[in-house]
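The lines below spell out each chain.
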Amino acid sequence: MPKPKKPKYHAGTATIIGLPNAGKSTLLNAIVGEKIAIVTAKAQTTRTALNGVWTGENAQIVFVDTPGLHKSDTVINRRMMQAVRAAMDAIDVIILVVDATKTPGQDIAQAVDLVKKPGTPVVLVLNKVDSIHDKSKLFALIEQYQALHDFAAFIPVSAKKGEGVDELRKAIITYLPVGERVYPEDHLTDVPSRFLAAEMVREKILILAQQEVPHSVAVLVDEWEDKPNVIRIAATIYVERSGQKNIIVGAAGAMIKKIGSAARAEMELFFDKKIFLELFVKVKPDWRNQPEFLNELDWRRMVNDSDV
Ligand SMILES: Nc1nc2c(ncn2[C@@H]2O[C@H](COP(=O)(O)OP(=O)(O)O)[C@@H](O)[C@H]2O)c(=O)[nH]1
Ligand SMILES: [Mg+2]
């Protein structure tokens, strides 16, 4: 008897695009099953394009998370939009994520215009369906989106609960070219560990220092020492004004302690090792308009000491 034919392997890239807070980063994390991208309720949490690799029996998909679409009024915002545009080059599928609890307005119509690329299928993901009780509303919503573009597919998901994620992966695979996998099976992301660690610190600041302006905070890992039983990490938190520094340090250092222990707990889970974390806070006025400092923050330009 002839052996049953093995299904062909598919490999390719899918970029996740959408307005701020649509749930793009939550979706990336749900798809790859690990928290690569930080998530908060605040807009512009994601500042750069990040990738996460999903490897299955018959396909490997590289997912790229991007900053939310927004107006470019500062150097950092222009960089974020450049990152979005770059992440749309040489890809196989675009995943447009929308918040299904909202009716499409002018901003979404603009986002749809941006993803129209001849020859590249756009899958519309209707996210946050866990918050929609009357599911018939989804049909009306899909009709509204259909009027805007000839989408390849409509997939309702709850990124938060992981619902619809398998269906989404399956739909994406049908648009990927036949090809070998690019990354080893256990490869999760290209983002260096020191960048992920810095992002974990930034996430805790955005969550814990409520009154703080999230846009003013940047974090850089200065030292990373991987010892047999512990990783020693030193990081600097940059803010724009001394008042912000006072908020982050807190009375008698209470806030920075809280930030540090929350970030450390998350790092220990992710890196599966004991972490010794030291945090410093520095004022760097107007860093968001300084191209050289923005280069330092960009993980793609980070020079790795020991491949972390
Ligand atoms: N109810 C609900 N909330 C979600 C879902 N996905 C994301 N969120 C929330 O929406 C907010 C923005 O999520 P995030 O992934 O950072 O959005 P991004 O800006 O598009 O990357 C966070 O508070 C998430 O917890 C979902 O499926 N259901
Ligand atoms: Mg995000």
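Residues numbered from 1 in each chain as written. Chains lettered and ligands numbered in written order. Predicted model: local features only at pLDDT ≥ 70, side-chain atom pairs only at ≥ 80, totals over all residues. Heavy atoms only, no water.

Protein coordination at the magnesium ion (ligand 2): the donors are Ser-25 (OG) and Thr-46 (OG1), at 2.0 to 2.2 Å from the metal. Residue Ser-25 is located in helix α1 (residues 24–32), and its partner Thr-46 is located in the loop between α1 and β2 (50–55); the two are separated by 21 residues in the primary sequence. Here the two residues Ser-25 and Thr-46 agree in accessibility, since each one is buried. (Donors = N, O, S within 2.8 Å, 3.2 Å for Na, K, Ca; no water. Helix = DSSP H or I, 4+ residues; strand = E, 2+ residues; numbered from the N terminus. Buried < 20%, exposed > 50% of the residue type's maximum accessible area, 1.4 Å probe, protein only.)

Let's shift gears to the nonpolar core. Among the nonpolar cores identified, the biggest contains 70 residues, and Leu-27, Phe-63, Ile-237 and Met-267 are the most heavily contacted of them. Tallying contributions element by element places helix α6 (residues 193–208) first for this core, with seven residues. Residue assignment places this core across two domains, with domain 1 (10–173) and domain 2 (193–301) each supplying three or more. Look past the residues within four positions of Met-267 in its chain and what remains in contact with it is Ala-197, Met-200, Val-201, Ile-233, Asp-272, Ile-275 and Leu-277. (Core = buried A, V, L, I, M, F, W, Y, C linked by side-chain atoms within 4.5 Å. Domains from an automatic or database assignment. Contact = heavy atoms within 4.5 Å.)

What follows covers the sheet that holds strand β8 (residues 230–239). Across the sheet, which stays open at both edges, the three strands sit in the order β7-β8-β9 with mixed pairing between neighbours. At either end of the open sheet lies a strand with only one pairing partner, and these are β7 (218–226) and β9 (274–283). Taken over all neighbouring pairs, the strand axes of this sheet differ in orientation by 20° on average, direction set aside. With eight bridges connecting them, β7 and β8 associate as antiparallel partners. In the sheet register, Leu-220 faces β8, and the bridge partner there is Thr-236. (Pairing = 2+ DSSP bridges. Axes fitted to C-alpha atoms, helices over the stretch in contact; angles between N-to-C directions.)

Attention now moves to the packing of aromatic side chains. One pass over the structure, following the stated rule, counts five aromatic pairs. Here the aromatic rings of Phe-151 and Phe-154 are separated by 5.6 Å at their centres, their planes lie at 65°, and the arrangement is edge-to-face. For Phe-151, a relative accessible area of 8% corresponds to the buried category. Both rings, one in Phe-270 and one in Phe-271, keep their centres 5.1 Å apart while their planes meet at 80°; by these two values the pair is edge-to-face. Judged by its relative accessible area of 22%, Phe-270 is partly exposed. By way of ring pairs, the aromatic residues Trp-224, Phe-270 and Phe-271 are connected into one cluster. (Phe/Tyr/Trp six-rings, centres within 6.5 Å; stacked < 30°, edge-to-face > 60°.)

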